[in-house]
Every structure is written in structure tokens, then in C-alpha cells.
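Single-letter residue listing:
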Amino acid sequence: CYILGIESSCDETSVAIVENGRRIVSNVISSQADIHKQFGGVVPEVASRRHVERITQVVEMALQQANLTMERIAAIGVTYGPGLVGALLVGVSAAKSLAYAHDLPVIAVHHIAGHIYSNFLENKKHPPVLALIVSGGHTEIVYMPDLYTYECLGRTRDDAVGEAFDKVARTMGLEYPGGPVIDRLAQKGNPEAVPLPRAFLADDSFDFSFSGLKSAVINVLHNGKQRGESISQEDLAASFQAAVTDVLVEKTAKAVLRTGVRQVVVAGGVAANQGLRASLGKRAQLDGFEVYFPPVALCTDNAAMIAGAAYPLYQKGQFADLSLNAVANIRLGVER
Ligand code: ATP
Ligand code: MG
Ligand code: FE
């Protein structure tokens, strides 16, 4: 059974076809990052317009690369939120018109459920898992006992990890998106060069806070400039990345202890980060749990993860109707 997935929540127009929720048959990603670069971040109106321009061709490319026609597609999965509402609407409208034209069911997929699902594609992992979500807009630890249940153990109280990477990078004068640039610089820097705070919050809390760290980096840059000292970009990147990583690793290890779930999957753009991959991998080995990261190409936004996450809903017959709307803010699952 082939599901066609559509993703347009931010600045990637993506369409994919996934067989039985596992095998990626095609996954076309048209990124607008080069357009938003000149503004230093995503401009919502520009994003929506670009999605409109790209969506039809990206659907055609996904079918072509899969060597399939619409007649072979069983259902359409689409990201309906969270994200930029104007951007989401383009994907949702495309999904509804395709469904109407070809008499297919539409499946509404939560974007973060999609990110988690990138770990289950190609039969890599399956629940029960603890998911560490580290994306541009979300930082959460979610317990997933089965494919239908999401229990949030903790979340960020201010900035998301990816957001902190991008804001710090912008202050350092680096290009958007800053995460990958900081990752590259950090590999050549000393993570102990610049002392930076780590916010662990209360002992029993799985919440996060990254705005203090972000401000601390901005202060270091500002004070350095005033004193006329130059701070090595490599050292600052490495120190910032280490501060972020320490907190993520510590809280994840604690969640493993608390829940007894020994399988951890990481999801979202920051899952591509080499420093996080190394530190969490090392900690997993030490503490005796398993950690899995999706292939780098599936960490950031893509439609394969959406087509994949639609499959369990398809099996349950959980279909949306043509009144489906885009929602900018919706939480995933329940709080615990
Ligand atoms: P959300 O999924 O919460 O709606 P989003 O879709 O914008 O947000 P993603 O596509 O999951 O976010 O990830 C993009 C984020 O990942 C950006 O903040 C980017 O800087 C960050 N990122 C990508 N690669 C890396 C990397 N190697 N190291 C650190 N951060 C990275
Ligand atoms: Mg993006
Ligand atoms: Fe995302």
C-alpha cells in the first residue's frame, strides 16, 4: 500500500511516497533556505508563495521518481500543523484537491509525530521508545508506548534547541540556518574555551530552558567587542554546542532511568548535530541504553516522515474530511 505524503509547514516543499509505512519509494525535498538566507530567517509570506509555486511540480516529481501514477496511491497524508499557517495551508489544500480528484482518503499528520516517525522508516526502530525531539520549534521528551500514544514528559519553557542554534549563529554573523554552520565550526573548536551556563532546572523536571544560554553567548560577544578582544568562532561554537548537548544528554539519560524505557530515538533538525550524536552515543553506551538517530537527510523537514506517520492512522481508518484545516499550534498527545 502506497501513501503519498505532503509537507509544507515551514520552508521545505516536500512530497514523498512510502510503501506500508516503511519503505521510502521517493522523497522529493524542495528547500527555500537559499531564498530566506538573505533575510536571516524564514519570512512567512515569502514561504507560502514559494510553496504555491512549487507544490504541483514536486508532486509530479515524487510520482515520477517512484515510477507510479495516482491510481496506485491508497491515501494522502499531510502535515496540518504545527507550523506557519499560510505555509501549512498550501499543503493541506493540495492534499484535499488531490484526494477529491482521485477519490482518496486524507490523513492529517502532526508534524512532530512525523519527525519521530523518521526513526521508524526502513524498519529501523519501533515503539516502545523515548523520543528526544530537537527541532527548530520544539524541544521535548516524549514517551511513546505504541504507535498511537504520545506522553510528553517535558518541554522547553522558552527557546527550542534549533531556535537557539539559529539565534546564536545570527549573532555570530553566520548564515541561516545557523545550526549546521555551528556544528561545522564546533568540530574545530575547544568546548571548554568559553564558560557558559547549563540550565538543568529542578531535579525532577524534564523541562528545558535555553534562553539564558543564548543571552550568555550574546553577552560574551558583546563584551569581547567592547574590550576589543576577538573570540575564536570555533571555540564559541564548540562551547555553545557543548552546553546545549550536556543538558540534552543528562535529561535523556534521566528519562531512561525514570521510565525504564531503554530505547531512545532522536528527532528533528538538531538530530543531525555531530556533537549531540557523539555525546548521546557515548552516554548510551555508558548507561546501557540504545540510541538511534535518523539518517541526516531525514532529520530536517521531509515528506517521507509524514507519509510514514500516516500509515498507522490509515490502518485504523482515521481519516480527515474535506473540512480539514491547517492549525498553527497544536500539542502532540498528552502531558504527563
Ligand atoms: P519544527 O519541526 O519544530 O516545526 P522546523 O521544522 O523548522 O521546526 P526542523 O526542520 O526539524 O525544524 O529543523 C531545523 C532546525 O535544525 C534549524 O534550527 C537548524 O538550524 C537545525 N539544524 C539542522 N542541522 C543541524 C546541525 N547539524 N546542528 C544543529 N542544528 C541543526
Ligand atoms: Mg527548514
Ligand atoms: Fe520540522
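Residues numbered from 1 in each chain as written. Chains lettered and ligands numbered in written order. Predicted model: local features only at pLDDT ≥ 70, side-chain atom pairs only at ≥ 80, totals over all residues.

Caption draft 1: Fine view of the overall build of the protein. When you go through the protein residue by residue, the secondary structure sums to 10 helices and 11 strands. Against the 2.2 N^0.38 benchmark of 20 Å for 336 residues, the protein shows a C-alpha radius of gyration of 20 Å, consistent with a compact globule. Burial statistics for the protein: of 336 residues in total, 51% are counted as buried. Look at the contacts in the protein between residues 6 or more apart in sequence, and 74% of them connect residues 24 or more apart. (Helix = DSSP H or I, 4+ residues; strand = E, 2+ residues; numbered from the N terminus. Rg over C-alpha atoms; globule rule 2.2 N^0.38 Å. Buried ≥ 20, exposed ≤ 12 C-beta atoms within 10 Å, placed from the backbone. Contact = placed C-beta atoms within 7 Å.)

Caption draft 2: Representation of the UniProt feature "binding site: Fe cation" (unreviewed entry) in the protein. Mapped onto the present numbering, the UniProt feature "binding site: Fe cation" (unreviewed entry) falls at H111, H115 and D301. A maximum C-alpha distance of 8.8 Å among these annotated residues, which run over 191 residues, shows that they cluster at one spot. H111 sits in the buried class, given 25 other C-beta atoms within 10 Å. Once residues within four sequence positions are removed from consideration, H111 is found in contact with S9, T79, G81, P82 and G83. Among the structural elements, H115 can be located in helix α4 (residues 111-117). A tally of 30 C-beta atoms within 10 Å means that H115 is categorised as buried. Residue contacts for H115: discarding those within four places in its chain leaves I133, S135, A267, G268 and M305. (UniProt positions renumbered as here; feature names shortened; annotations may be inferred.)

Caption draft 3: Spatial organisation of the site of ligand 1. Around ligand 1, the structure places 24 residues, and the nearest of them are G136, G137, G162, G179 and G269. Of all the secondary structure elements, the ones that give two or more residues to the shell around ligand 1 are α4, α5 (161-171) and α6 (178-186). Across the shell around ligand 1, the residue classes break down as six nonpolar, 15 polar and three charged. (Near = placed C-beta within 6 Å. Nonpolar A, V, L, I, M, F, W, Y, C, P; charged D, E, K, R; others polar.)

Caption draft 4: Fine view of the UniProt feature "binding site: substrate" (unreviewed entry) in the protein. UniProt's feature table lists "binding site: substrate" (unreviewed entry) at I133, V134, S135, G136, G137, D166, G179, D183 and N273, given in the numbering used throughout. When you line up the elements, G136 lands in the loop between β6 (129-134) and β7 (139-144). Summarising the element assignment, D166 is placed in helix α5. With residues near it in sequence (within four places) discarded, D166 still touches Y176, P177, G178 and G179.

Caption draft 5: Representation of the sheet that holds strand β1 (residues 2-7). Within the open sheet, the five strands sit side by side as β3-β2-β1-β4-β5. Their pairing is mixed. Two strands lie at the open edges of the sheet, namely β3 (23-31) and β5 (106-110), each paired on one side alone. Sheet twist, expressed as the mean angle between neighbouring strand axes with direction ignored, is 20 degrees. In terms of strand pairing, strand β4 (residues 73-81) meets β5 through five bridges, oriented parallel. Bridge pairing links T79 to V109 in β5. Each of β1, β2 (12-19) and β3 touches helix α2 (residues 44-66); the most contacted strand, β2, lies at about 25 degrees to it. Sheet contacts for helix α10 (residues 304-316): β1, β2, β3, β4 and β5; angle to β1, the most-contacted strand, approximately 125 degrees. (Pairing = 2+ DSSP bridges. Axes fitted to C-alpha atoms, helices over the stretch in contact; angles between N-to-C directions.)

Caption draft 6: Layout of the environment of T252. Tracing the sequence through the fold places T252 in helix α8 (residues 233-259). In this structure T252 comes out as buried when scored by C-beta crowding, with 24 C-beta atoms within 10 Å. Once the C-alpha coordinates of T252 and A87 are considered, the two residues, 165 residues apart in sequence, prove to be 32 Å apart. If we ignore the near neighbours within four places in the chain, the residues touching T252 are L132, I141, V264 and L280.

Caption draft 7: Molecular detail of the sheet that holds strand β10 (residues 290-292). Taken together, the six strands give an open sheet; going across it, the order is β10-β9-β6-β7-β8-β11, and neighbouring strands pair in mixed fashion. Edge positions in the open sheet fall to β10 and β11 (334-335), since each of these has one partner strand only. Of the pairings in the sheet, the one linking strand β8 (residues 151-155) to β11 comprises two bridges and is parallel in character. Bridging across to β11, E151 finds its partner in V334. Lying over the sheet, α8 contacts β6, β7, β8 and β9 (263-267), oriented at roughly 160 degrees with respect to β6.

Caption draft 8: Summary view of the environment of V129. Relative to the elements of secondary structure, V129 occurs in strand β6. According to the C-beta neighbour criterion, V129 is buried, with 23 such atoms within 10 Å. Along the primary structure V129 and D146 are separated by 17 residues, whereas in three dimensions their C-alpha atoms are 8.2 Å apart. Beyond its immediate chain neighbours, meaning those up to four positions away, V129 contacts M144, V261, Q263, V264 and V265.

Caption draft 9: Representation of the confidence of the model for the protein. The share of residues in the protein with pLDDT of 70 or more is 100%, and the mean pLDDT across the chain is 97. Across the protein, the element-wise mean pLDDT spans from 76 in β11 up to 99 in β1. If you check the scores for this complex, the pTM reads 0.97 and the ipTM reads 0.99. (pLDDT = per-residue confidence, 0-100.)

Caption draft 10: View of the packing of α8 against helix α9 (residues 274-287). Packing of α8 against α9 leaves a shortest axis separation of 9 Å and a crossing angle of 35 degrees. Relative to α9, the crossing made by α8 is right-handed. On the side of α8, the interface is formed by Q241, A242, T245, L248, V249, T252, A253 and V256, while α9 contributes G275, L276, S279, L280, R283 and D287. Considered class by class, the residues forming the contact of α8 with α9 number seven nonpolar, five polar and two charged. (Left-handed = near helix turned anticlockwise from the far one by under 90°.)

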